[in-house]
Amino acid sequence: MRSIPFSPPDISELEINEVAECLRSGWITTGPRTKELEKRLAEYVGTSKCVCLSSATASEELNLRILGIGEGDEVIVPAYTYTASAAAAIHVGATVVFVDSQKDNPEMDYDAMEAAITEKTKAIIPVDLGGVVCDYDKIFEIVERKKDIFVPSGNTDLGMRIQKALGRIAVVADCAHALGSVWHNKKAGSIADFSSFSFHAVKNFTTAEGGASVWGDIDGIDIDEIYRWFQLYSLHGQNKDALAKSQLGSWEYDIIAPLYKCNMTDIMASIGLRQLDRYEGLLARRKDIIKEYDKMCESLGLDHIRHYDSDYTSCGHLYLVRIPGITDEKRREVIVKMAEQGISCNVHYKPLPMMTAYKSCDHVKGGGVDIKDFPNAYHLYENEITLPLHTKLSDEDVKYIVDNFTDIVKGL
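The following paragraphs examine the structure supplied in this document. (Residues numbered from 1 in each chain as written. Predicted model: local features only at pLDDT ≥ 70, side-chain atom pairs only at ≥ 80, totals over all residues. Heavy atoms only, no water.)

Moving on, we come to the side chain of Thr386. Mapped onto the secondary structure, Thr386 falls in strand 15 (residues 384–387). Side-chain polar atoms of Thr386 contact the side chain of His348, separated by 2.9 Å. Excluding residues within four positions of it along the chain, Thr386 makes contact with Phe6, Leu318, Tyr319, Leu320, Cys345, Asn346, Val347 and His348. (Helix = DSSP H or I, 4+ residues; strand = E, 2+ residues; numbered from the N terminus. Polar contact = N/O pair within 3.5 Å; in protein donor to acceptor, adjacent residues only side chain to side chain. Contact = heavy atoms within 4.5 Å.)

So, in structure tokens, the structure goes:
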């Protein structure tokens, strides 16, 4: 029997050696390696700027803070996602408005999304689940159509100016799963107004923990001013980081505002730099594994995530399978049977309206939510299983997963 973990990090000697060099350099906090990673990620994604931070959640929260979103504002979030998508909006004081999924598709129901828009709506958070990019054409079409009821109300000078310049609801993408994914020949991160990425240990591209924010050019807004405010928000409101203060005679600094602490370190960036060198090869390996899973699902008649289409190319972060007609109880049995064969599976996701934090919450519209109001999200959840998909899998591992899953499904 094999032992196959769900999603271990793929760390090579390149990353290990770069981290060792970083430690030997004496510079381990935010410094030259972090700045280099920001530059390279911006080039990779296709944006003018990138800021690396301590997590995707911090990145998403700061995206909203840069936009000046806060108390009295509403942010639309899919019910079928991880908590970070909603928690970031709550952290800034906004009210979350949950929207159900499409039938048999984890993307938001765009008609329901449009119906949820009010004059208080300041941002929509689409989620590129598993690496599959949302229909941003549809999303932008809707926010443009709703421009006439949009009322800028940024709670900061920069936020107000950005909201006025956009003249519509901001599209703030949760691209935690989607580094390298492509929609209509544009990479995730270069499509929405602001986007956040996750570099957590289970992601395709990792810095152990960590994340990044990227944003598009906005008429009349200096992108360097946006970057400067990301730096302020992530480093206590201090107007010089450690690298700047290390210059001869540059010890003095000011605190612009009592802000937050969520910067990336050079140790983390060291891992990211070498991961980026290897990234296209990692994506290619994921594609090979996905082909084998697709063949298995087609032969068994199972619904599965579709990573490649004429409109998009996914980075292949997660492989979601749905077994038609089975109950939540049966799905749990399948996961246990896979575990008994040494194969670790997961579920993506238990919808947020099923979570204690959101059933009763002052920062959720209506004071809380009930999963009964999100039937499509529940239907997607109740029979879903996520198979291991990572670049540490050998061809023999993939065959072992396919053979065991096939036998278990056939035995239902």
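For the rest of this paragraph, the subject is the packing of helix 1 (residues 13–25) against helix 10 (residues 266–300). Interhelical geometry of helix 1 versus helix 10 gives an angle of 150° and a closest axis separation of 8 Å. Compared by their axis directions, helix 1 and helix 10 come out roughly antiparallel. Taken as a pair, helix 1 and helix 10 cross one another with a handedness that is right-handed. On helix 10, the residues that touch Leu14, Glu15, Glu18, Val19, Cys22 and Leu23 of helix 1 are Asp266, Ile267, Ser270, Ile271, Arg274, Gln275 and Arg278. Partitioning the contact of helix 1 with helix 10 into residue classes produces 6 nonpolar, 2 polar and 5 charged. (Axes fitted to C-alpha atoms, helices over the stretch in contact; angles between N-to-C directions. Parallel < 35°, antiparallel > 145°, perpendicular 65-115°, else oblique. Left-handed = near helix turned anticlockwise from the far one by under 90°. Nonpolar A, V, L, I, M, F, W, Y, C, P; charged D, E, K, R; others polar.)

Overall, antiparallel pairing links the 3 strands, which are arranged 12-14-15 in an open sheet. Whereas interior strands pair on both sides, the edge strands pair on one side only; in this sheet they are strand 12 (303–304) and strand 15. Of the pairings in the sheet, the one linking strand 12 to strand 14 (residues 319–322) comprises 2 bridges and is antiparallel in character. Note that in strand 14 the partner of His304 across the bridge is Val321. (Pairing = 2+ DSSP bridges.)

Next up on the list: the pairing of strand 7 (residues 170–174). The buried count for strand 7 comes to 5 of 5 residues, which makes it a mostly enclosed element. On strand 7, burial covers both faces: Ala170, Val172 and Asp174 on one face and Val171 and Ala173 on the other are all buried. Here strand 6 (residues 121–124) pairs with strand 7 via 2 bridges, running parallel. Counterpart to Ala123 in the pairing with strand 7 is Ala170. Pairing geometry for strand 7 and strand 10 (residues 194–198), over 3 bridges, is parallel. Counterpart to Ala173 in the pairing with strand 10 is Ser195. (Buried < 20%, exposed > 50% of the residue type's maximum accessible area, 1.4 Å probe, protein only.)

Attention shifts here to the packing of aromatic side chains. For any pair of aromatic rings, geometry is given as the distance between the ring centres together with the angle between the planes. On inspection of all chains with the given rule, the structure shows 12 aromatic pairs. Seen from their ring centres, Tyr82 and Tyr349 are 6.0 Å apart, and the 35° between their planes marks the pair as tilted. Taken as a pair, Tyr82 in the loop between strand 2 (74–78) and helix 4 (83–91) and Tyr349 in the loop between helix 11 (328–340) and helix 12 (356–359) lie far apart in primary sequence, 267 residues in all. Ring centres of Phe98 and Phe374 lie 6.5 Å apart, and the angle between their planes is 85°; on these two criteria the pair is classed as edge-to-face. With Phe98 in strand 3 (residues 95–99) and Phe374 in the loop between helix 12 and helix 13 (375–382), this residue pair connects regions lying 276 residues apart in the sequence. Of the two residues, Phe98 and Phe374, neither departs from the other in class, the shared state being buried. Taken together, Tyr44, Phe199, Phe205 and Tyr279 form an aromatic cluster joined through their ring pairs. Sitting over the face of the ring of Tyr227, Lys49 holds its NZ or CZ atom 4.9 Å from the ring centroid. Lys187 extends its terminal NZ or CZ atom over the ring of Tyr44, reaching a point 3.5 Å from the ring centre. (Phe/Tyr/Trp six-rings, centres within 6.5 Å; stacked < 30°, edge-to-face > 60°. Lys NZ or Arg CZ within 6 Å of the ring centre and 35° of its normal.)

Fair warning: the whole summary comes from geometry, so function is off the table for now.
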